[in-house]
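Residues per chain are reported as follows:
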Amino acid sequence: MEYSLSQFTDTVPDSDRSLLDRSSPPAHMTPDQEYWRKYGYVVVENLIPHDLIDRYCERFVQDTLSVGKIGYLSPTPYLEVDEIKNLCLYPPLLEKMRELIGHEMAMHLNLTNWKSTQRNWHQDDYLNPMGVNAHYAGVWFALDYIHPDAGPFEFVPGSHRWDVCRMEKVLSALPPEVRHDPDWPWHAEKILNPLYDEEIIRQGARPVTWCGKKGDVLIWHAWLLHRGSFPKDPEILRPTIITHYSSVNHRPDMPIIAEYSSYNPPAKYFVFDRPSEAELTNAQGAPSNSDSELPVSEPSITNSTQNSNSMVLF
């Protein structure tokens, strides 16, 4: 069957968008807000203190690499690992996301593998309930230098202004037997990826890859088209943690929110009733190599905003 991308997308009305995504921009914007509105991502160099990174990496190696895993099996290891909360709820990062999204944000997903999953082109918001509408952000934390051969994070600047892919429309095109499979997004890629390849050409867009260094973060929009590229050298580890956040006001499907009081004011994260890491490890019986998301290669052109800690790439 032949498909078109328009079969799977919607145009979101202004009333459902965050302020920076609406057709008329706010009267006064910071440099990062202007860049976010235009390109759908912002990189902040050296934002995360190295001591927070070192403490997390020490815990990560102890919990995973030293026992034959390449990442936590749980999608929410922050529920057990305070080093993740210290790192991913760092107040200046949450302040930056509030500047870009316009709402208080809470953490709900960690992708911890130190190797790329080679996930293909997608917008994160099509994995969410429809009402989220990009009151959401992903953050790529570089825990050390990211080698360009390790499987770079690749994205299409400005693609957050394209129409939005919707879960319900994609599921309707999948065979009934895979619609309830937790891995249905991998099946969906077989349909969506060639359509996005065509759309990139049609839009005259230019994908960009990014390699961060220790302490850098890349924050991206929920509608930004991105993927994890194929590693040229699969033996190279890619030290990162990828974390997703949603507005505390836009996730009725995740009603339990906890506060992390080590920071003042307390940071927030969503709470889920899930098996512990030990239970998942025992159930699996053997280390797994599946569970990450994005990747990274070198930026093309770099421009600095007025904020000396902030770098933007295009």
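## Points about the overall build of the protein chain
Then, in step 1: Helices and strands together make up the secondary structure of the protein chain, namely 7 helices and 14 strands.
Then, in step 2: Looking at the 314 residues of the protein chain, the share that counts as buried comes to 54%.
Then, in step 3: Here the analysis covers contacts within the protein chain between residues at least 6 apart in sequence; of these, 84% occur between residues at least 24 apart.
Then, in step 4: Here the protein chain displays about 13900 Å² of accessible surface, and carbon together with sulfur accounts for 50% of that area.
Then, in step 5: Averaging the locations of the 27 positively and 43 negatively charged side chains of the protein chain gives two centres separated by 4 Å.

## Things to note about the pattern of salt bridges
Then, in step 1: As enumerated under the stated definition, the model contains 17 salt bridges in all.
Then, in step 2: Three or more residues joined by partner-sharing salt bridges are found here, namely Asp10, Arg166 and Lys169.

## Some remarks on the pairing of strand E3 (residues 105-111)
Then, in step 1: Within E3, 7 of the 7 residues are buried, leaving the element largely enclosed by the surrounding structure.
Then, in step 2: Inspection of the sheet shows E3 paired to strand E10 (residues 240-247) by 6 bridges, in the antiparallel sense. If you follow Leu109 over to E10, its bridge partner there is His244.
Then, in step 3: One ladder, built from 2 bridges, connects E3 with strand E12 (residues 267-270); its direction is parallel.

## A closer look at the environment of Pro252
Then, in step 1: Relative to the helices and strands, Pro252 is located in the loop between E10 and strand E11 (257-260).
Then, in step 2: Distance from Pro252 to Tyr41, taken between C-alpha atoms, is 26 Å for residues 211 residues apart in sequence.

Definitions and limits used
Residues numbered from 1 in each chain as written. Predicted model: local features only at pLDDT ≥ 70, side-chain atom pairs only at ≥ 80, totals over all residues. Heavy atoms only, no water. Helix = DSSP H or I, 4+ residues; strand = E, 2+ residues; numbered from the N terminus. Buried < 20%, exposed > 50% of the residue type's maximum accessible area, 1.4 Å probe, protein only. Contact = heavy atoms within 4.5 Å. Areas by Shrake-Rupley, 256 points an atom, 1.4 Å probe, with all protein chains shown as cover. Lys, Arg positive; Asp, Glu negative; His and termini not counted. Charge placed at Lys NZ, Arg CZ, Asp CG, Glu CD. Salt bridge = Lys/Arg side-chain N within 4 Å of Asp/Glu carboxyl O. Pairing = 2+ DSSP bridges.

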